[in-house]
Amino acid sequence: MLILHFVLWLTLQSLCLAQYHYHINCPKNNPPEFKFPSEYKELQRVYEWKNLEYGFPSEKERQEVLRNGRYNPGSPIPIDIDVYYPPNGARPRLFVTSPRFGQGVPYSLAYITDVQGENGTVLQAYPSYEWHSSHGGNCDGLTSVYRVHIDACGQMWILDSGEIEFVQHCAPQVVVIDLATNQLIHRYRLPETSYKAKVSRFVNIFADIRDPPPGGQCKDVFAYLADPTSKAIVVYDVTGQQSWRIENKFTYPDARFGTHTVAGESFELLDGPLALSVTPLGLGLRRHLVFHALSNDLEVAIPLDVLNNATNWRAGLSASLSEFVTLGRRGVQCASHVISRQGFLFCGFLEPIGIFGWDIRRPYTRENVRLLALNPDTLQFVSGMKIVRRPSDGREELWLLSDRLQKIFAGTIDYTEINYRVLRCDVDDLLQGRGCF
């Protein structure tokens with residue numbers, strides 16, 4: 001009997017060392033505390049705002065939206081950042097989103113200009129002011145954008161929740177813009193079977209390009225949409241023009257992580273899936289979607305070949321449960337995460353307030369989750385995170401947006417202070433302990 005128990009123990013240990021080191025009912029060990037180096041490296045600060053500084057087509061328009069309440073300078077909250085490097089070697093273009101949590105957000109997708117305002121660098125509406133100016137009255141425009149994803153072909157995938165102040169004005173939609181021409185090239189309005197009316201709120205999108213350049217044209221795409229309020233992930237098959245929901249115990253939050261504490265201030269939020277990334281091409285491994293709920297410390301993965309087959313999900317809550325694999329637990333919440341082409345996952349922890357990295361080929365344990373940058377001030381709630389490939393030398397950059405969300409929830413935000421920041425670092429420099437320049 002003792003030998004049998006030992007063999008079973010060894011079998012469980014070998015499962016824990018499987019591809020990507022996914023853990024399936026692995027023996028529980030008490031994880032050690034995070035170990036911090038004596039010196040912490042900061043990220044390069046690219047932009048900072050006390051409050052978002054919006055530009056308008058004219059001063060007359062600015063005064064009009066101030067008068068009718070469609071612009072309230074205290075209302076917009078930046079959530080996401082993404083960066084586009086034009087192939088002609090021109091300067092990168094930076095984009096910021098600010099969802100319409102309230103009525104006073106004049107537009108929710110913008111690019112950062114070179115103009116300096118009183119509170120920071122001025123934003124301008126993207127693709128144009130007219131795309132946003134109906135405030136939900138024209139569903140061919142953009143109503144409320146939480147996050148975007150720029151692919152390797154210079155296409156911006158925009159996830160529009162269709163809400164203003166949590167009221168559904170338009171159906172949720174995926175809009176794709178060609179950044180070289182700023183023209184619409186694709187639109188998909190989610191059918192009612194893919195979301196829950198008056199419950200769903202789509203906050204994140206990841207477009208997996210299965211035919212990237214130089215050999216491909218970014219036409220073979222599956223997009224993954226995070227719907228944390230209805231506790232689901234939606235898969236959108238772009239070629240097949242269909243979408244389906246995945247909702248089960250792995251997409252649900254954990255009540256123990258419903259309280260989010262950042263820099264001593266707390267707020268309550270019981271949200272499902274938020275962070276979405278896929279393991280990269282070229283590693284010779286079965287590819288997975290790696291995700292987690294905002295209100296959970298559990299990191300989860302599902303194979304893409306299973307996820308992308310609509311027939312696997314017809315059984316609802318019980319569908320394909322055996323295909324989900326748990327990577328491990330953090331013991332703390334993390335908002336957005338990204339995975340580099342070499343297989344390093346980056347995530348901004350709420351406590352300690354820093355950026356952590358993990359090699360997906362090693363076990364997801366505290367020994368292998370490394371602190372890469374720590375700043376209790378500038379990294380308060382990293383809500384936007386992207387990895388961008390620089391075309392000039394092929395190196396990858398990590399871009400972040402931090403927004404001190406806990407102060408917004410608590411009503412303690414002070415607009416005489418810097419509240420919102422865009423930061424960056426070369427991925428290799430960050431991993432190897434060099435400075436971020």
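Residues numbered from 1 in each chain as written. Predicted model: local features only at pLDDT ≥ 70, side-chain atom pairs only at ≥ 80, totals over all residues. Heavy atoms only, no water.

Taken as a whole, this structure holds four disulfides when the rule is applied. Note that Cys334 is cross-linked by a disulfide to Cys347, the S-S spacing being 1.4 Å. Looking along the S-S bond of the Cys334-Cys347 disulfide, the torsion reads about -80 degrees, which is the left-handed sense. Here Cys347 lies in strand E24 (residues 344-349) and Cys334 lies in strand E23 (residues 334-339), a separation of 13 residues in the sequence. For Cys334, a relative accessible area of 0% translates into the label buried. The class for Cys347 is buried, based on a relative accessible area of 3%. (Disulfide = S-S within 2.5 Å. Helix = DSSP H or I, 4+ residues; strand = E, 2+ residues; numbered from the N terminus. Buried < 20%, exposed > 50% of the residue type's maximum accessible area, 1.4 Å probe, protein only.)

Here we come to the pairing of strand E28 (residues 396-402). Of all the seven residues making up E28, seven are buried; the element is thus mostly covered by neighbouring parts of the structure. With burial as the criterion, each face of E28 is covered, one bearing Glu396, Leu398, Leu400 and Ser402 and the other bearing Glu397, Trp399 and Leu401. Strand direction decides the pairing type here: strand E27 (residues 382-389) and E28, joined by seven bridges, are antiparallel. Bridge pairing in E28 places Gly384 opposite Leu401. Hairpin connection, E27 to E28: the antiparallel pair is bridged by six residues, and Gly394 has positive phi, about 80 degrees. Bridge count between E28 and strand E29 (residues 420-426): six bridges; the pairing is antiparallel. (Pairing = 2+ DSSP bridges.)

Counting residues in each nonpolar core, the largest one holds 70 residues, and the members touching the most others are Leu43, Leu289 and Phe346. Among the nonpolar cores identified, the runner-up in size contains 25 residues, and Val83, Leu94, Val96 and Leu401 belong to it. (Core = buried A, V, L, I, M, F, W, Y, C linked by side-chain atoms within 4.5 Å.)

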